[in-house]
Amino acid sequence: DTVSFQMWNGTSWGRLSRLGSDSDEAYKGIDVAFFADNRNAVVAYTDNDQSTAFSRIWNGTNLTSELTTLSVGATVRVVTLATHPSRAEAILLTTDSSSDINFQVWNGTNWTHQIELEDDSFNNFEPVGIAHESLSNHSLIIWSDDDDGTPYYRFWNGTNLTVEYTAPDVGDNPRFFALASKPNSNEIAVAVLDEGSDTNLLVWNGTNWTSPIEVAS
């Protein structure tokens, strides 16, 4: 159950680096993203059934030493990572063995702002997603609980999270989210795969949500 990292430079693969030795292959315990303002990348991963995830920075040449993220109080299962398009910031979303969803931020130096978003979600899917409004630079974080078909969401403005809001009901419990931001706009498209094996599309227009459109069942 080894977690490894290897960088493609446009021509060839670099040296294979081992990150972790005991990550559970039943869960998506790794993610990686590039920062927009430099050549650096951040990789986050699970290891040894810990209540923290781990991270390392790729500086364009080498990986830094391992950094421990903030503890979420239970074994981290799934990691979802996204960097900000205009500042040296990364957001890490995790699900854990207690079915919690947690949020924390890499500010370029440390992991900060650890906040529990949900205490009754899934721990074996990826019931979270994140994308950025292109004009406002605010980050949309969306997730589900294990009770109904209503997604929940909050915005991060670089300093604080808003209060929790509800998106339109998609029918069954959302298990997976996929998000995409429209350039030069605050629109964000959100695809949701739910417990009933239906896929719905929602669009955030910067102010409101469109009604869900079922595109597959």
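Residues numbered from 1 in each chain as written. Predicted model: local features only at pLDDT ≥ 70, side-chain atom pairs only at ≥ 80, totals over all residues. Heavy atoms only, no water.

A.B. asks: Where do I start with the pairing of strand β3 (residues 30-34) in this structure?
C.D. replies: The side chains of a regular strand alternate, residue by residue, between the two faces of the sheet. Residues D31 and A33 line the buried face of β3, whereas the alternating positions I30, V32 and F34 sit on a face that is not buried. Summarising the sheet, β3 and strand β4 (residues 41-45) pair through five bridges and their orientation is antiparallel. Residue pairing for β4: I30 is matched across the bridge by Y45. A loop of six residues connects β3 with β4, the two strands running antiparallel in sequence. (Buried < 20%, exposed > 50% of the residue type's maximum accessible area, 1.4 Å probe, protein only. Helix = DSSP H or I, 4+ residues; strand = E, 2+ residues; numbered from the N terminus. Pairing = 2+ DSSP bridges.)

A.B. asks: Hey, could you run me through the side chain of N200 in this one?
C.D. replies: Assignment of secondary structure puts N200 in strand β17 (residues 199-204). Overall, N200 belongs to the buried group, its relative accessible area being 5%. A polar contact is formed between the side chain of N200 and the backbone nitrogen of E214, at a distance of 3.4 Å. Those residues within four positions of N200 in sequence are excluded, and the remaining contacts are V170, V190, A191, V192, D194, P212, I213 and E214. (Polar contact = N/O pair within 3.5 Å; in protein donor to acceptor, adjacent residues only side chain to side chain. Contact = heavy atoms within 4.5 Å.)

A.B. asks: Would you mind going over the sheet that holds strand β15 (residues 174-181) with me for this structure?
C.D. replies: Hydrogen bonds between backbone groups are what pair the strands of a sheet, and the pairing can be parallel or antiparallel. Strand order in the open sheet formed by four strands is β15-β16-β17-β18, and the pairing between neighbours is antiparallel. Both edges of this open sheet fall to β15 and β18 (213-216), since each of them pairs with a single strand only. The average undirected angle you get between the axes of adjacent strands in this sheet is 30°. As paired strands, β17 and β18 are joined by three bridges and run antiparallel to one another. Following the sheet pairing, N200 is matched in β18 by E214. (Axes fitted to C-alpha atoms, helices over the stretch in contact; angles between N-to-C directions.)

A.B. asks: Please clarify how the pattern of salt bridges should be interpreted in this entry.
C.D. replies: Between side chains of opposite charge, a pair can form when the charged atoms approach closely. Applying the stated criterion across every chain, the model contains four salt bridges. The residue K28 makes a salt bridge to E126 at a minimum N-O spacing of 3.2 Å. Note that K28 is positioned in the loop between β2 (17-20) and β3 and E126 in the loop between β10 (111-118) and β11 (128-132), a separation of 98 residues in sequence. Residue classification places E126 among the buried positions, given a relative accessible area of 16%. In this structure, the salt-bridge partner of E89 is R87, at a minimum N-O distance of 3.0 Å. Residue E89 is classed as buried on the basis of its relative accessible area of 7%. Taken together, the shared-partner salt bridges in this structure form one network comprising K28, D31 and E126. (Salt bridge = Lys/Arg side-chain N within 4 Å of Asp/Glu carboxyl O.)

A.B. asks: Whenever I open this one, the sheet that holds strand β14 (residues 165-166) confuses me. Can you help?
C.D. replies: As summarised here, the arrangement of the four strands in space is β11-β12-β13-β14, forming an open sheet in which the pairing is antiparallel. If you trace the sheet from one side to the other, it starts and ends with β11 and β14, each paired once. Inspection of the sheet shows strand β13 (residues 152-156) paired to β14 by two bridges, in the antiparallel sense. The partner of Y153 across the bridge, within β14, is Y165.

A.B. asks: Mind showing me how you'd approach the pairing of strand β8 (residues 90-96) here?
C.D. replies: Most of β8 sits inside the fold, with seven of its seven residues counted as buried. Taking every second residue as pointing to the same face, both faces of β8 are buried, with A90, L92, T94 and D96 on one and I91, L93 and T95 on the other. Looking at chain direction, strand β7 (residues 76-83) and β8 are connected through seven bridges and run antiparallel. Within β8, the position partnered with V78 by the bridge is T95. Sheet topology note: the β8/strand β9 (residues 101-106) ladder contains six bridges and is antiparallel. The residue of β9 that forms the bridge with T94 is N102. Hairpin connection between β8 and β9: a loop of four residues separates the two successive antiparallel strands, and S99 in this loop has a positive phi of roughly 65°.

A.B. asks: Before we go on, may I ask you to explain the packing of aromatic side chains in this structure?
C.D. replies: In this description, a pair of aromatic rings is defined by centroid distance and the angle of the planes. Counting across every chain of the model gives 13 aromatic pairs. Arranged with centres 5.3 Å apart and planes meeting at 55°, the rings of F103 and W156 form a pair that is tilted. Here W156 lies in strand β13 and F103 lies in strand β9, a separation of 53 residues in the sequence. Just as F103 is buried, W156 falls in that class too. Taking the centre distance of 5.4 Å and the plane angle of 75° together, the rings of Y153 and W209 count as edge-to-face. (Phe/Tyr/Trp six-rings, centres within 6.5 Å; stacked < 30°, edge-to-face > 60°.)

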